[in-house]
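Here is what each chain is made of, one letter per residue.
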Amino acid sequence: MTLQQPVHHLSCHCGAVELRVHLKHGLSGAHRCDCSYCRRRGYIAGPVDLDQLELLRGAEALTLYQWNTMTAKHWFCRICGIHTHHQRRSNPNEYSVNMGAIAGLNPRDLGEIPWSDGVNHSADR
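Residues numbered from 1 in each chain as written. Predicted model: local features only at pLDDT ≥ 70, side-chain atom pairs only at ≥ 80, totals over all residues. Heavy atoms only, no water.

## A closer look at the sheet that holds strand β2 (residues 18–22)
Inference 1: Read from one edge to the other, the open sheet built from three strands follows the order β1-β2-β5, with strand pairing classed as antiparallel. Sheet topology places β1 (7–11) and β5 (53–57) at the edges, where each strand pairs with a single neighbour. Here the strands of the sheet are splayed against their neighbours by 25° on average, with no regard to which way each runs.
Inference 2: The pairing of β1 with β2 spans five bridges and is classified as antiparallel. The residue of β2 that forms the bridge with histidine 8 is valine 21. (Pairing = 2+ DSSP bridges. Helix = DSSP H or I, 4+ residues; strand = E, 2+ residues; numbered from the N terminus. Axes fitted to C-alpha atoms, helices over the stretch in contact; angles between N-to-C directions.)

## Quick notes on the packing of aromatic side chains
Inference 1: Across all of its chains, the model carries four aromatic pairs by this definition.
Inference 2: Taking the centre distance of 5.0 Å and the plane angle of 55° together, the rings of tyrosine 37 and tryptophan 67 count as tilted. Of this pair, tyrosine 37 sits in helix α1 (residues 36–41) while tryptophan 67 is found in the loop between β6 (62–65) and β7 (73–77), placing the two residues 30 residues apart along the sequence.
Inference 3: Residue class for tyrosine 37 comes out buried when judged on its relative accessible area of 17%.
Inference 4: By relative accessible area, tryptophan 67 is classed as partly exposed at 26%.
Inference 5: Aromatic side chains tyrosine 65 and tryptophan 67 sit 5.6 Å apart centroid to centroid with 20° between the ring planes, which places their arrangement in the stacked category.
Inference 6: Members of the aromatic cluster, joined through ring pairs, are Tyr37, Tyr65 and Trp67.
Inference 7: Directly above the ring of tyrosine 43 sits arginine 41, whose terminal nitrogen or CZ lies 4.1 Å from the centroid. (Phe/Tyr/Trp six-rings, centres within 6.5 Å; stacked < 30°, edge-to-face > 60°. Buried < 20%, exposed > 50% of the residue type's maximum accessible area, 1.4 Å probe, protein only. Lys NZ or Arg CZ within 6 Å of the ring centre and 35° of its normal.)

This is how it looks when you write it as structure tokens:
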């Protein structure tokens with residue numbers, strides 16, 4: 001599998017959690033968010049339809065984090081702490097995956113990444 005293909009594997013740092021995803025917009029769908037949580041993580045997200053994310057291994061290692069409106073669901077590995085994916089607040093019919101966790105991808109190679117305004121999120125109005 002090359003990075004040009006839409007299906008990718010990703011894992012947490014320790015390898016306890018593995019996912020297979022079909023990136024909705026390929027690597028060009030990468031974006032950042034400036035909400036208080038995402039900017040602290042330096043997260044680059046890639047959108048995935050709910051039915052296009054498959055947990056291959058590690059359900060027992062995943063921990064859920066939610067705050068504020070409790071709409072977004074952020075999962076990370078309880079062993080190594082790496083954020084793998086989240087169900088989006090702006091579109092609960094999608095996940096976003098941690099582009100830095102995709103096998104064979106260095107996020108530096110993505111170039112300029114557009115930003116979403118998470119500070120002034122429409123769900124907060």
